[in-house]
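So the chains spell out like this:
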Amino acid sequence: MWWVILIGLAGTAAAIVLAARRVLFLYKLAKSGQPAPERVASVKRDPKADVEGQVVEVFGQRKLLKWTVAGLAHFFVMWAFILLITVYLEAYGALLLGLDFHIPLIGRWPVVGFIQDFIAIMCLLGLATFTAIRIKNSPKRLDRQSRFKGSHTGGAWLILFMIFNVIWTLFFFRGVSSAAGHFPYKSGAFVSIGVGKLFNGLSAGTLDILEKIGLLMHIGVALVFLVIVVNSKHLHIFLAPVNVMFKRRPDGLGAAQPMRSDGKILDFEEADPDVDTFGRGKIEDFTWKGLLDMATCTECGRCQSQCPAWNTGKPLSPKMLILELRDHAFAKAPYILAANDEERAKLPASVIAEAERPLVGGADVNGVIDPDVLWSCTNCGACVEQCPVDIEHIDHILDMRRFQVMIESSFPSEAGVMLKNLENKGNPWGMSEMKRLEWIEELDFEVEVVDEKMPADTEYLFWVGCAGALEDRAKKTTKAVAELLHIAGVKFAVLGPAEACTGDPARRLGMEFVFQMLGQQNVETLNEAGVKKIVATCPHCFNTLANEYPQLGGTYEVVHHTQLLSHLVETGKLVPVGRIEENITYHDPCFLGRHNKVYSQPRDIMAKVPGVKTQEMHRCKERGFCCGAGGARMWMEERIGKRINTERVDEALETNPDTVSTACPFCLVMLGDAINEKKNSGEAKESLEVLDVSQLLLRSIKDTPVAAE
Ligand code: SF4
Ligand code: SF4
């Protein structure tokens, strides 16, 4: 047996050394990133959420199970990894303590043997499923529609092959062990015992040799696998639980994060671009969590398959963005980790060349991320929502934008007009603040305007938003909501000229300074007025007020108008009576749905309107498809690929709707524009319109067509 022990231990030592070197390298690279104290346990963690994250995301595979077949296959392969640790415990016991070793206490229970064999078989079935999916996708993998386009598929095949080797050597070793009489389970391990019967009749000497070879092969395969894993994308086997543990709570959606330098939130009154880190201008500017995100990516492409930019022919794929950052980080690592300039000077030319690549730049300067990639993002959150290992794409995109805008002054020029208007006039269109009152004059009832303090007895501050006050189509929603609140007897007031843009378009563009300026001004106004509860019609305003203003000292109870209206309908304060005999399809605004999980209330309202027949689009709710306006894209030209709003309206038309409904002024405009184009080209009927859910409700309550307003 000594030669078996010698080979086993030597192999184990070699693999551990090789794997440890790689792990040390990865640790040093992650540690070279900026600090992220907000992610660290001792500073701000919620142990209950941490445990929940592990149970639901990692062990429960919540996100993967949404992709039923592939998710189920992954579920079993992942659990095989966990449960088959017991088989390796037995293998090392057999190697070091004798072939008839069993795990103390539980090691002879038939149920343990059964679970081991069962999960190994399910793992094999999982491998077969993955193989079938990959073969099916193989001819299409160069096709943009394939989620594997751009993934390193060769490495994935190697890993499948290695897992297969783990399983067949497992059954071989256990089978021979059973035939030789060393196997700890006399029943339960149905496959291993069955395989053992195939060896019946062999001599004891032959079985002894086969058992030792089987043992070494089973251990050897795992060791080779370990070394491959730490050098491949399958690092996620070890990193996914860590990444999930340190993810943003509840997820990487909702609030954009404040700018941090060296772990501290930047104070723009003192910040110095020569000293502080403004966004991400080079790979070293990412935090360790950012680098961990990059190393954890499984290249599954689920994010890519949902991305509106990618699906309309733009160069942005959230998967490839993460992979490009990761490959750059790894290639530049020797430069980053070098102790001093002297060491750096000795590095190969390829490493120096990698180190000199700008993080963001076109092909002419060999940039890591092309500007068209960076500016194509609508911040829709589909990537973050889908990612099974909780990578936070939007945070990284936003941070790179911040450097481009605030340090390089490099961004699509059209957005510059919007920024100037925000700075000078407090709204993206540069209109006079007094125009914010005009919609009120078109109503036949009084609306209270806050005069420094919220009027007594008013329950809600109605946050109208720039579009809601100044854009003609969105103004109809504003008036409908005001009228519904009036009918329901809800006391509300508006800020009127004292309301400024929440700053969302500036922040999503990367101009944090303008966001801070507008945000602080609004928070001051709201706090001084004594505002406690806010209702907003714009999901972008809603998101900023509810999730981002707490960063600036403004904490309020914020609801979206669909939430409040749904409650008013539910409690009988609003009663839709008029029939609307129409086919209606509802478009989920990304900042209402994915970013804030408001999916049911707009649908609940429509369900209460007599006569309405609703039909979901193919992509809806968590998988809803963006209208193209988020991430400040509303203020940029869309020059590449198909227009996102056209793609969405094409999908809506498949449901043959009379009306497309939504709950966001920006979606209203984007979908309205695309519908008008379709009408002009004869692809949509003249009567097709896009309406806010509140307009439909008002129409039913008043029993008069809203379009006639
Ligand atoms: S946020 Fe939306 S547009 Fe941006 S990368 Fe993710 S899926 Fe694509
Ligand atoms: S970022 Fe997430 S969803 Fe996208 S490929 Fe990587 S692991 Fe998959």
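About the cut-offs
- Residues numbered from 1 in each chain as written.
- Chains lettered and ligands numbered in written order.
- Predicted model: local features only at pLDDT ≥ 70, side-chain atom pairs only at ≥ 80, totals over all residues.
- Heavy atoms only, no water.
- Helix = DSSP H or I, 4+ residues; strand = E, 2+ residues; numbered from the N terminus.
- Buried < 20%, exposed > 50% of the residue type's maximum accessible area, 1.4 Å probe, protein only.
- Contact = heavy atoms within 4.5 Å.
- Areas by Shrake-Rupley, 256 points an atom, 1.4 Å probe, with all protein chains shown as cover.
- Lys, Arg positive; Asp, Glu negative; His and termini not counted.
- Charge placed at Lys NZ, Arg CZ, Asp CG, Glu CD.
- Phe/Tyr/Trp six-rings, centres within 6.5 Å; stacked < 30°, edge-to-face > 60°.
- Lys NZ or Arg CZ within 6 Å of the ring centre and 35° of its normal.
- Near = heavy atom within 4 Å.
- Nonpolar A, V, L, I, M, F, W, Y, C, P; charged D, E, K, R; others polar.
- Axes fitted to C-alpha atoms, helices over the stretch in contact; angles between N-to-C directions.
- Parallel < 35°, antiparallel > 145°, perpendicular 65-115°, else oblique.
- Left-handed = near helix turned anticlockwise from the far one by under 90°.
- Expected span 1.5 Å × (residues − 1).
- Salt bridge = Lys/Arg side-chain N within 4 Å of Asp/Glu carboxyl O.
- Pairing = 2+ DSSP bridges.

All right, on to the overall build of the protein then. Tallying secondary structure elements over the protein gives 30 helices and 11 strands in all. Split into buried and exposed, the 709 residues of the protein put 58% on the buried side. Taking the contacts inside the protein whose residues are at least 6 apart along the sequence as the reference set, 77% of them involve residues at least 24 apart. Carbon and sulfur atoms form 59% of the exposed surface of the protein, whose accessible area is close to 29,400 Å². Taking the average location of the 76 positive side-chain charges in the protein and that of its 84 negative ones, the two points are 7 Å from each other.

With that out of the way, let us pick up the packing of aromatic side chains. For the structure on display, the rule yields 16 aromatic pairs. Taking 5.8 Å as the distance between ring centres and 75 degrees as the angle between the ring planes, the aromatic pair formed by phenylalanine 172 and phenylalanine 199 counts as edge-to-face. Of the two residues, phenylalanine 172 sits in helix H6 (residues 153-179) while phenylalanine 199 sits in the loop between helix H7 (190-198) and helix H8 (204-230), which places them 27 residues apart along the sequence. With a relative accessible area of 18%, phenylalanine 172 lands in the buried category. For the ring pair phenylalanine 462 and phenylalanine 492, a centre distance of 5.9 Å and an interplane angle of 75 degrees mean the geometry is edge-to-face. Residue phenylalanine 462 is found in strand E4 (residues 460-463), and its partner phenylalanine 492 is found in strand E5 (residues 492-494); the two are separated by 30 residues along the sequence. A single burial state applies to phenylalanine 462 and to phenylalanine 492, both of which are buried. By way of ring pairs, the aromatic residues Phe114, Phe118 and Phe190 are connected into one cluster. The ring of phenylalanine 148 carries arginine 134 above its face, with NZ or CZ at 4.5 Å from the centroid. Taking the ring centre of tyrosine 335 as reference, the NZ or CZ of arginine 344 above it sits at 5.0 Å.

What follows covers unusual backbone geometry. For the bond running from arginine 249 to proline 250, omega is -5 degrees, close enough to zero to count as cis. You can see proline 250 is positioned in the loop between helix H9 (236-245) and strand E1 (260-261). Phi at glutamate 452 is positive, roughly 65 degrees, even though this residue is not glycine. Mapping glutamate 452 onto the fold places it in the loop between strand E3 (448-449) and E4. Residue lysine 621 is not a glycine yet carries a positive backbone phi of 55 degrees. Turning to its location among the elements, lysine 621 is positioned in the loop between strand E9 (613-614) and helix H28 (644-653). A relative accessible area of 32% places lysine 621 in the partly exposed class.

Lining the immediate surroundings of ligand 2 are Cys297, Thr298, Glu299, Cys300, Gly301, Cys303, Lys319, Cys387, Pro388, Val389, Ile391 and His393. Partitioned by chemical class, the residues of the shell around ligand 2 number 7 nonpolar, 3 polar and 2 charged.

This part is about the packing of helix H2 (residues 47-59) against H9. When two helices pack together, you describe them by how their axes are tilted relative to each other and by the distance separating the axes. The interhelical angle for the contact between H2 and H9, taken along N-to-C directions, is 135 degrees, at an axis separation of 9 Å. Classified by the interaxial angle, the pair formed by H2 and H9 is oblique. Judged by the twist between their axes, the crossing of H2 over H9 is right-handed. Across from Asp50, Gly53, Gln54, Glu57 and Val58 in H2, the residues of H9 making contact are Pro241, Val244 and Met245. Split into classes, the residues belonging to the contact of H2 with H9 amount to 4 nonpolar, 2 polar and 2 charged.

Bringing helix H29 (residues 665-680) into the picture now. Counted at 1.5 Å a residue, the expected span for H29 with its 16 residues is 22 Å, and the 22 Å between its end C-alpha atoms agrees. Summarising burial for H29: 12 of the 16 residues are buried, a large majority. Positioned one or two residues after H29, glycine 682 has a phi angle of 80 degrees, which is positive.

Turning to helix H30 (residues 693-702), a few remarks are in order. A large share of H30 lies buried, amounting to 9 of its 10 residues. Those residues of H30 that sit buried are Val693, Ser694, Gln695, Leu696, Leu697, Leu698, Arg699, Ser700 and Ile701. Positive phi appears at aspartate 703, one or two residues downstream of H30, with a value of about 55 degrees.

Residue position: tryptophan 67 is located in the loop between H2 and helix H3 (68-83). On the basis of relative accessible area, tryptophan 67 is assigned to the buried category, the value being 17%. Residues tryptophan 67 and glutamine 386, spaced 319 residues apart in sequence, show a C-alpha to C-alpha distance of 9.8 Å. Residue contacts for tryptophan 67: discarding those within four places in its chain leaves Leu72, Arg147, Arg302, Ser305, Gln306, Gln386 and Arg623.

Bringing the pattern of salt bridges into the picture now. Opposite charge on two side chains lets them pair, provided their charged atoms get close. Enumeration according to the criterion identifies 49 salt bridges in this entry. Note that aspartate 650 is salt-bridged to lysine 678, the shortest N-O span being 2.7 Å. With aspartate 650 in helix H28 and lysine 678 in helix H29, this pair connects stretches of sequence that are 28 residues apart. Lysine 678 gets classed as buried once you look at its relative accessible area, which sits at 7%.

Every one of the 13 residues lining ligand 1 counts as a neighbour, but Cys307, Cys377, Cys380, Gly381 and Cys383 are closest to it. Counting residues per element, the ones that place at least two in the shell around ligand 1 are helix H17 (382-386) and helix H18 (393-406). Counted by class, the shell around ligand 1 contains 10 nonpolar, 3 polar and no charged residues.

Once that is clear, we can look at the sheet that holds strand E10 (residues 659-662). Judged by pairing direction, the sheet is parallel, and its 4 strands sit side by side in the order E9-E8-E10-E11 without closing on themselves. Two strands close off the open sheet at either side, each with one partner strand: E9 and strand E11 (689-692).

Worth remembering: the numbers are spatial, not functional.
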